[in-house]
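Below are the chains, spelled out letter by letter.
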Amino acid sequence: MPAAAHIDRTCILDAALVPIADKVERGERLTTTDGVTLFQSGDLNTIGALADAVNRAKHGNRVTFAANQHINPTNICILRKTCVFCSYAKLPKEDGAYRYTLEQTLAEAKTANSTMTREFHIVGGLDMKAGLDYYVEMFRALKREHPQVHIKALTAVEIAHIARIDKMSIRDVLITLHAAGLDTMPGGGAEVFSPGVRATIADKKLSGEEYIDVHRTAHSLGIRSNCTMLYGHVETFEDRMNHLAMLRELQDETGGYLAYIPLAYHPDNNELGLTLGRTGLATSGFDDLKNLAVGRLFLDNIEHIKSHWIMVTPSISQVSLSFGVNDLEGTVVREKIYHEAGAHTAQAMTLDAILDLIRGAGKVPAERDSFYNVIRSFPAVITSEARGELAPRSASDEELSEAHQTAAA
Ligand code: V47
Ligand code: SF4
């Protein structure tokens, strides 16, 4: 951990945070107990100031975003009954179940021709009819039609599912998919690694150790990935910290993680939300900011902390830029998973909106590629002349509605 900027002790309200501030200032690694102390503390401003100091030491004032397009090719999932937090999955014969044909996937991806999309983010359900061949064909075709677009696809859970139905090793599945065009993997499917929590919210899903093993294998093959934690349901602060400790340990070993993204649980239209009586009540802004800040402070070996504005709202994402976050989940053309679960945010943000959001937080925006190389810098304050030059041609309503119709099964 690089030495952070000087921390002003006069602002610390919670005395329990003083030893943590000392460690942060010395660039010393935090323990899981420190993490629990941070989660227990009501002194959000101090937690934010510590995370901001660490973030500034690593990234200065720069905030990156990537122009990506989510594609969810199938919502059919064998864990439909046991992942009780999921509002997206369907059984094969259930109303609304769909699986894209190759043509439907390509039709949805077509908008990438007329937008600034540089990454396809592809995740879906554990569908018995979406095995290795389905994805190999899809990735090859996407690469053929959009060679400039990076493919970030398939969570560890989906990789393990493909290995099971195709009776192959995880390693061979990854080698084959990599050769077909998969560039990196997203971090979903992690939920919370604690076996007790998993048994409650995601029974029968691969275990935390298995998730880590899939990522370890991917990293050993040169496939980098992201990592996540689904928070705000039944987990304790200790569960959160043990989860983060497992991620930090793998990162010490492989260095393969690009970014950490805490995912805020959305309780609408899922069984868990009903059981908890939480329908319509997502996580609090306080907890969203804390999860991001603790991620920055504890995961000292993961460079990038990403806020997902679709899940926590653009306003919280903007504030999070002073709480350790250096990256925003960017211009998403269309997204389904959280909207099924009650996210009320827009499904896409324009370039101008994301630039305004970053500048409004006093930061300097930069567009990045999927490996976090800056590919376009933007002035801290934009002139109207430059705005005209930089504005991309975004997908027209017609194009989006066409993709939407072809996507409906
Ligand atoms: O694995 C499902 C989560 C994940 C709900 O790597 C839910 O850049 C909240 O992988 N409330 C899939 N979360 C999404 C994913 C992802 C998202 C953003 C960035 C990246 C990245 C990856 O979504 C699932 C699960 O953890 N999820 N249902 C829900 N009701
Ligand atoms: Fe299936 Fe993923 Fe939903 Fe679980 S979270 S039911 S694995 S789509």
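Details of the structure are given in the entry above.
What exactly am I supposed to notice about the sheet that holds strand E8 (residues 327–328) here?
Through backbone hydrogen bonds, the strands of a sheet pair up, either in parallel or in antiparallel fashion. The mixed open sheet is built from seven strands, whose spatial order is E5-E6-E7-E8-E1-E9-E10. Edge strands, defined here as strands with exactly one partner in the open sheet, are strand E5 (225–231) and strand E10 (374–377). Note that strand E6 (residues 257–264) and strand E7 (residues 304–307) share two bridges and pair parallel. Paired with Tyr260 across the two strands is Ile305, which belongs to E7. The sheet strands contacting helix H10 (residues 237–254) are E5 and E6, and the helix crosses E5 at an angle near 175 degrees.

Help me understand the packing of helix H6 (residues 156–165) against helix H7 (residues 170–180), please; the structure alone is not making it clear to me.
Each pair of packed helices gets described by two things: the angle between the helix axes and the distance between those axes. Contact pair H6 / H7: the axes reach a minimum separation of 9 Å and the direction vectors enclose 105 degrees. As the angle between them shows, H6 and H7 are arranged roughly perpendicular. Every residue of H7 that contacts H6 at Ile159, Ala160, Ile162 and Ala163 is listed here: Ile170, Val173 and Leu174. Here the contact of H6 with H7 is composed, by residue class, of seven nonpolar, no polar and no charged.

What is the right way to read the pairing of strand E3 (residues 119–122) from this model?
Side-chain alternation along E3 places Glu119 and His121 on one buried face and Phe120 and Ile122 on a second face that is also buried. As paired strands, strand E2 (residues 68–71) and E3 are joined by four bridges and run parallel to one another. Looking at the pairing, Asn68 lines up with Glu119 of E3. For the crossover from E2 across helix H4 (residues 102–109) to E3, the handedness is right-handed. Where E3 and strand E4 (residues 150–153) come together, four bridges link them in parallel fashion. Note that in E4 the partner of Phe120 across the bridge is Ile151. Tracing the backbone out of E3, into helix H5 (residues 132–145) and back to the parallel element E4 gives a crossover that is right-handed.

Could you clarify how one ought to interpret the site of ligand 2 in this entry?
Around ligand 2 sit Cys77, Leu79, Arg80, Cys83, Cys86, Tyr88, Ala89, Gly125, Leu126 and Val157, and that is every residue in its neighbourhood. Residues belonging to the shell around ligand 2 are distributed by class as follows: eight nonpolar, one polar and one charged.

Help me out: how do you make sense of the environment of Gly188 in this one?
Among the secondary structure elements, Gly188 is positioned in the loop between H7 and helix H8 (195–201). Placed 41 residues apart in sequence, Gly188 and Met229 show a C-alpha to C-alpha distance of 7.9 Å. The contact partners of Gly188, leaving out residues within four places of it in the chain, are Val123, Thr155 and Thr228.

Before we go on, may I ask you to explain the sheet that holds E2 in this structure?
Strand order in the open sheet made by the three strands is E2-E3-E4, with parallel pairing throughout. Bordering the open sheet on either side are E2 and E4, each of which pairs with just one other strand. This sheet shows a mean twist of 20 degrees between the axes of neighbouring strands, independent of strand direction.

Would you mind going over the packing of H4 against H5 with me for this structure?
Interhelical geometry of H4 versus H5 gives an angle of 35 degrees and a closest axis separation of 10 Å. As H4 packs across H5, the resulting crossing turns out to be right-handed. For the pair formed by H4 and H5, the contact residues are Leu102, Thr105, Leu106 and Ala109 on the first element and Glu137, Met138, Ala141, Leu142 and Glu145 on the second. A per-class count over the contact of H4 with H5 returns six nonpolar, one polar and two charged.

Would you mind going over helix H1 (residues 18–26) with me for this structure?
Think of an α-helix as 3.6 residues a turn; residues three or four steps apart then line up on the same face. Those residues of H1 that sit buried are Ile20, Ala21 and Val24. Each buried residue of H1 sits inside an arc of 100 degrees when the element is viewed along its axis, so together they form one side. Facing away from the buried surface of H1 by more than 90 degrees, the exposed residues are Pro19, Asp22 and Arg26. If you follow the buried residues of H1, they end up packed against helix H2 (32–40), helix H3 (44–59) and helix H12 (285–298). Gly27 sits one or two positions beyond H1 and adopts a positive phi of about 75 degrees.

What is the right way to read the nonpolar core from this model?
Side chains that are nonpolar tend, in soluble globular proteins, to be buried together. By size, the foremost hydrophobic cluster in this structure holds 104 residues, and its most contacted members are Leu50, Tyr260 and Leu297. Examining the composition of this core, we find that seven residues originate from one element, E6, more than from any other. In this structure, this core is formed jointly by two domains, domain 1 (9–58) and domain 2 (64–407), each of which donates at least three residues. Each residue touching Tyr260, except ones within four places of it in the same chain, is listed here: Cys227, Leu247, Gly295, Leu299, Ile302 and Ile305.

What counts as what
- Residues numbered from 1 in each chain as written.
- Chains lettered and ligands numbered in written order.
- Predicted model: local features only at pLDDT ≥ 70, side-chain atom pairs only at ≥ 80, totals over all residues.
- Pairing = 2+ DSSP bridges.
- Helix = DSSP H or I, 4+ residues; strand = E, 2+ residues; numbered from the N terminus.
- Contact = placed C-beta atoms within 7 Å.
- Axes fitted to C-alpha atoms, helices over the stretch in contact; angles between N-to-C directions.
- Parallel < 35°, antiparallel > 145°, perpendicular 65-115°, else oblique.
- Nonpolar A, V, L, I, M, F, W, Y, C, P; charged D, E, K, R; others polar.
- Buried ≥ 20, exposed ≤ 12 C-beta atoms within 10 Å, placed from the backbone.
- Right-handed = clockwise from strand over helix to strand, strands pointing away.
- Near = placed C-beta within 6 Å.
- Left-handed = near helix turned anticlockwise from the far one by under 90°.
- Arc of directions from axis to C-beta.
- Core = buried A, V, L, I, M, F, W, Y, C linked by C-beta atoms within 7 Å.
- Domains from an automatic or database assignment.

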